[in-house]
Amino acid sequence: MGTLLARAGSALLAVACAGAVAAQEPSDRHQWRIEIDAGYVGADSPLGSWPSGGLGKLRYDETDEHLNAMRVFAQYKGRITPTLSMTVVADYVEDGSAGLDLTEAFLDWRPIPKSPMQQQVRIGAFYPPLSLENGEAGWQSPFTYSYSAINTWIGEEIRPIGAEWSMRRRLGAVGSPQQLRAFASGFFGNDPAGTLLFWRGWSLHDRQSRLNDKLSIPPMPVYTAGVQTGTRPHTLEPFEEIDHEPGVYAGLEWRYARRALVQLAYYDNRADPSAFADGQWGWDTAFTQLAAQFELPGEIGLVAQWMSGDTYWILGTRPNGTRSSTARLVEDRFESKFLLLTRLVRGAHRLSLRYDDFEIVRDEAAPALQADVGHAWTVAYRYSHSARLTGGVEWVEIESRRDLWPLFYSAPHEATESQLRLLVSFNYGAPKTR
Amino acid sequence: MCTSRIIATRLLRRLGWLAVSVCGPAAAGTVNVGIVDGEGHALERVVVYLLPTAPAPPTSVAPKPAAMDQRANAFVPHILVVQKGTEVVFPNHDTVSHHVYSFSPARTFELGLYKGNPHAPVLFEQSGLVVLGCNIHDGMLGYILVVDSPYFGMTDERGAVTIEALPEGEYAVNVWTPRARPNQLPATVLVDVLAASAAEVKLEVRGKLMRDHDHPSPVSWERY
């Protein structure tokens with residue numbers, strides 16, 4: 001925690017210094033983008049929204065049916081030398097642990113290529129290059145407001161704090177349309193990744209966890225009892241380093257001009273499932289992802305990701321590291337996939353439709369518990385009035401089933417949640433690239 | 001008026017079809033080239049260059065300088081054809097800096113981070129394809145095709161280009177576009193140019209071409 005704060009603080013200090021230099025030197029060495037997203041919410045959920053401590057999968061519920069400031073963020077990109085730059089993204093949100101905090105802060109080194117191989121190194125806290133949705137400033141999606149289940153989870157619990165090396169090179173002759181990209185990273189933090197999946201299940205929203213966020217975990221009775229006896233954390237701090245062992249991810253991406261892209265990646269936080277520190281438990285979480293995007297005839301874009309993995313936790317580890325006599329290894333197998341179709345109409349209008357499918361199966365009982373199984377439809381229309389002002393409307397409907405609901409609550413096995421959002425976004429500053 | 005003749009080519013078999021007619025009158029030799037894709041649609045922005053098959057007499061006149069501009073984070077023109085020995089300037093008209101480089105064997109160079117036009121022109125002394133990139137903006141891609149001939153052009157929206165002021169002689173007609181793989185391009189054909197006459201060459205790029213790089217895409221391809 002302290003190290004994270006120190007990192008965030010030093011990054012902010014660097015930004016402040018850079019800003020001071022910027023004041024004397026008018027150039028593009030310092031690029032700012034500030035964006036304000038606000039809008040109206042209509043929601044229908046029997047479970048309540050998860051940021052307010054509910055069991056539901058959506059960010060908003062009936063108590064939010066008014067004008068909401070959904071996100072205010074500032075992205076700073078500064079060039080230190082011609083090949084070294086830094087990026088800092090600060091977010092303000094009003095739900096969950098509200099306030100201002102950083103989502104990313106990293107150095108980006110791109111030496112000038114001397115051969116067809118272009119290399120890049122990132123050091124700091126950053127998103128892994130796994131999402132095919134979140135390609136814009138502030139890790140936003142140009143397609144829908146609520147991200148897919150997969151990318152929502154990446155935004156919630158995955159934020160490597162370490163170093164990433166990557167390289168791109170064209171395959172074949174000069175001017176060849178084929179390009180290969182490889183990336184690999186070693187990182188700290190992320191040891192609790194998997195906690196939210198285990199307790200709450202998948203969700204679809206656009207609230208990205210900030211580096212020092214404290215997220216609420218749904219009030220499972222067993223868990224609530226644990227809080228009362230001091231053996232359970234009452235909030236999740238997703239990016240803590242607990243076992244001081246690094247995690248890894250790596251991937252390969254093949255691209256054919258602006259027609260097709262396929263990515264295969266593996267992530268493993270290599271956390272010790274029995275580790276505990278500062279009120280946070282380690283969860284050994286690993287997954288494989290296959291992702292692709294294509295440009296179809298009729299100028300329709302297709303984006304798809306499939307993720308499959310598992311997470312282990314030793315239920316019954318006490319805060320002092322000892323285990324209770326009933327301690328046992330719990331495994332959740334999780335899988336999700338989505339298919340998104342999008343089309344730009346006359347440059348200013350965008351229509352997107354996405355289908356999400358997800359499941360979590362818990363192997364602690366026989367037969368295995370359906371810990372969280374369901375699917376979701378999302379449809380969004382977005383309009384770009386000008387470079388500064390955009391807006392849109394989105395409808396999300398999620399149907400899901402959890403075997404645990406009737407066990408822990410007097411709730412039915414199945415629930416349908418829906419959410420309508422009208423959103424206006426104003427931005428100022430640099431272009432909308434990451 | 002017009003006397004037509006069909007010239008046999010070395011690679012007629014691979015080419016599919018070729019018709020060359022020599023017409024007149026005109027002050028110098030001219031070659032009109034038309035290019036279509038496999039479905040017969042005219043192809044725009046395809047490079048056509050003619051190489052004399054007999055060695056040309058040495059000339060002391062240096063080719064005119066050329067420019068590869070940067071506007072709205074793109075190389076303009078997307079494809080620049082220059083004669084071997086041409087000097088090219090790279091003015092940046094954007095409000096943001098660019099860092100232009102090439103690691104192509106035909107010409108390796110780097111123009112450090114700049115705005116405006118602070119760098120000396122780059123001399124292209126070797127024929128071949130030079131692929132341009134910007135180290136700041138991954139999506140920027142440009143081409144300079146260096147050819148050993150002053151006789152070149154690019155097809156218009158009708159898929160046509162006229163190359164004029166050709167001395168009498170035999171020329172190899174070459175075609176290039178970054179939208180086609182090398183095996184899609186028509187094989188080099190030979191054309192006889194006579195003074196005061198115009199030769200017609202029709203060529204086909206086989207199969208389907210890739211979409212233009214600068215075409216707006218519904219999904220983003222540069223995320224890092």
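What counts as what
Residues numbered from 1 in each chain as written. Chains lettered and ligands numbered in written order. Predicted model: local features only at pLDDT ≥ 70, side-chain atom pairs only at ≥ 80, totals over all residues. Helix = DSSP H or I, 4+ residues; strand = E, 2+ residues; numbered from the N terminus. Buried ≥ 20, exposed ≤ 12 C-beta atoms within 10 Å, placed from the backbone. Contact = placed C-beta atoms within 7 Å. pLDDT = per-residue confidence, 0-100. Pairing = 2+ DSSP bridges. Axes fitted to C-alpha atoms, helices over the stretch in contact; angles between N-to-C directions. Core = buried A, V, L, I, M, F, W, Y, C linked by C-beta atoms within 7 Å. Nonpolar A, V, L, I, M, F, W, Y, C, P; charged D, E, K, R; others polar. Domains from an automatic or database assignment.

Draft legend 1. How the structure looks around the overall build of chain A. Per the secondary structure count, chain A includes 5 helices and 20 strands. For chain A, buried positions account for 45% of its 434 residues. Pairs at least 24 apart in sequence give 61% of the contacts found in chain A among residues at least 6 apart.

Draft legend 2. Local environment of the overall build of chain B. Tallying secondary structure elements over chain B gives 1 helix and 19 strands in all. Of all 224 residues assigned to chain B, the portion counted as buried reaches 35%. Summarising the internal contacts of chain B: among those between residues at least 6 apart in sequence, 65% fall at separations of at least 24.

Draft legend 3. Just the confidence of the model for chain B, in detail. All names here are of chain B. Chain-level pLDDT for chain B is 85 on average; 86% of the residues reach the 70-or-more range. Taken together, the stretch residues 1-26 has pLDDT below 50 and engages in 47 contacts with residues farther than four places along the chain or on a different chain. Overall fold confidence (pTM) sits at 0.85, and the ipTM for the predicted complex is 0.74.

Draft legend 4. Representation of the confidence of the model for chain A in the model. Here chain A shows a mean pLDDT of 87. Residues at 70 or above account for 87%. Taken as a whole, residues 1-6 of chain A scores under 50 in pLDDT and shows 7 contacts with residues more than four places along the chain or in a different chain.

Draft legend 5. Inspection of the sheet that holds strand E10 (residues 98-104) of chain B at higher detail. Residue and element names in this part refer to chain B. Read from one edge of the open sheet, 5 strands run E8-E14-E13-E10-E11, paired in mixed fashion. Since the sheet does not close on itself, it has two edges, and those belong to strand E8 (79-83) and strand E11 (107-114), each with one partner. Direction aside, the axes of adjacent strands within the sheet are offset by 20 degrees on average. Where strand E13 (residues 128-134) lies against strand E14 (residues 141-147), 6 bridges are found, and the strand directions are antiparallel. Paired with Val131 across the strands is Tyr143, a residue of E14.

Draft legend 6. Just the nonpolar core, in detail. Grouped together as the largest cluster of nonpolar side chains are 52 residues, with contacts concentrated most on Ala149, Ile150, Trp153, Leu197 and Leu204 of chain A. Residue contacts for Ala149 of chain A: discarding those within four places in its chain leaves Trp202, Ser203, Leu204, Ser336, Phe338, Asp356, Phe358 and Ala376 of chain A. In terms of nonpolar packing, the next biggest core, distinct from the first, is built from 47 residues, Leu43, Ile79, Phe90 and Ile163 of chain B among them.

Draft legend 7. Structural view of the pairing of E10 of chain B. Residue and element names in this part refer to chain B. In terms of burial, E10 is a largely internal element, 6 of the 7 residues being buried. As judged from the 6 bridges shared by E10 and E11, these two strands associate in the antiparallel manner. Residue His98 lies in a different strand from E11, and its bridge partner there is Tyr114. Linking E10 to E11, which pair antiparallel, is a turn of 2 residues. Bridge count for E10 against E13 is 2 bridges, and the pairing is antiparallel.

Draft legend 8. Region of interest: the sheet that holds strand E18 (residues 189-193) of chain B. All names here are of chain B. The strand order E15-E4-E17-E18 describes an open sheet built from 4 strands, whose pairing is antiparallel. Strands at the two margins of the open sheet, each flanked by one partner only, are strand E15 (152-154) and E18. Between one strand and the next, the sheet's axes are offset by a mean angle of 30 degrees, whatever the strand orientation. Two elements, strand E4 (residues 47-52) and strand E17 (residues 169-176), share 6 bridges in a ladder whose sense is antiparallel.

Draft legend 9. Spotlight on the interface of chain A and chain B. Opposite the 31 residues of chain A that make contact, chain B presents 27 residues. For the side of chain A that touches chain B, the secondary-structure elements that each account for two or more residues are strand E14 (284-296), strand E15 (300-317) and strand E16 (323-345) of chain A. Each residue belonging to the side of chain A that touches chain B can be placed in one class, and the counts come to 14 nonpolar, 8 polar and 9 charged.

Draft legend 10. Structural detail: helix H2 (residues 149-157) of chain A. Most of H2 of chain A sits out of view: 9 of its 9 residues are buried. Turning to H2 of chain A, its buried residues number three or more, namely Ala149, Ile150, Asn151, Thr152, Trp153, Ile154, Gly155, Glu156 and Glu157 of chain A.

Draft legend 11. Representation of unusual backbone geometry within the structure. Residue and element names in this part refer to chain B. Look at the link from Val76 to Pro77: it is a cis peptide, with omega at 0 degrees. Backbone geometry at Ala72 places phi at a positive 50 degrees, although glycine is not the residue there. Among the secondary structure elements, Ala72 is positioned in the loop between strand E6 (69-71) and strand E7 (74-76).

Draft legend 12. Highlighting the pairing of strand E5 (residues 117-125) of chain A. Residue and element names in this part refer to chain A. Taken together, the 5 bridges between strand E4 (residues 99-109) and E5 define a ladder with antiparallel strand orientation. Each bridged residue has a counterpart across the sheet, and for Leu107 the counterpart in E5 is Ile123. Across 9 bridges, the pairing between E5 and strand E6 (residues 161-170) is antiparallel. What sits directly across from Gln120, in E6, is Ser166.

Draft legend 13. Molecular detail of the domain arrangement of chain B. Taken domain by domain, chain B consists of domain 1 (2-56 + 153-205) and domain 2 (66-147). Between domain 1 of chain B and domain 2 of chain B, the residue contacts involve 6 residues of the former and 5 residues of the latter.

Draft legend 14. Region of the structure containing the environment of Gly124 of chain A. Residue and element names in this part refer to chain A. In this structure, Gly124 sits in strand E5. Assessed through the 20 C-beta atoms surrounding it within 10 Å, Gly124 is described here as buried. In the structure, Gly124 is positioned 96 residues away from Asp28 in sequence and 23 Å away in space, judged by C-alpha atoms. Setting aside its immediate chain neighbours within four residues, Gly124 contacts Ala105, Phe106 and Leu107.

Draft legend 15. Fine view of the environment of Gly29 of chain B. Residues and elements named next belong to chain B. By secondary structure assignment, the location of Gly29 is in strand E3 (residues 29-37). When the C-alpha atoms of Gly29 and Ser197 are compared, they prove to be 5.2 Å apart, with 168 residues separating the residues in sequence. Beyond its immediate stretch of four places on either side in the chain, Gly29 contacts Leu166, Pro167, Glu168, Val193, Leu194, Ala195 and Ser197.

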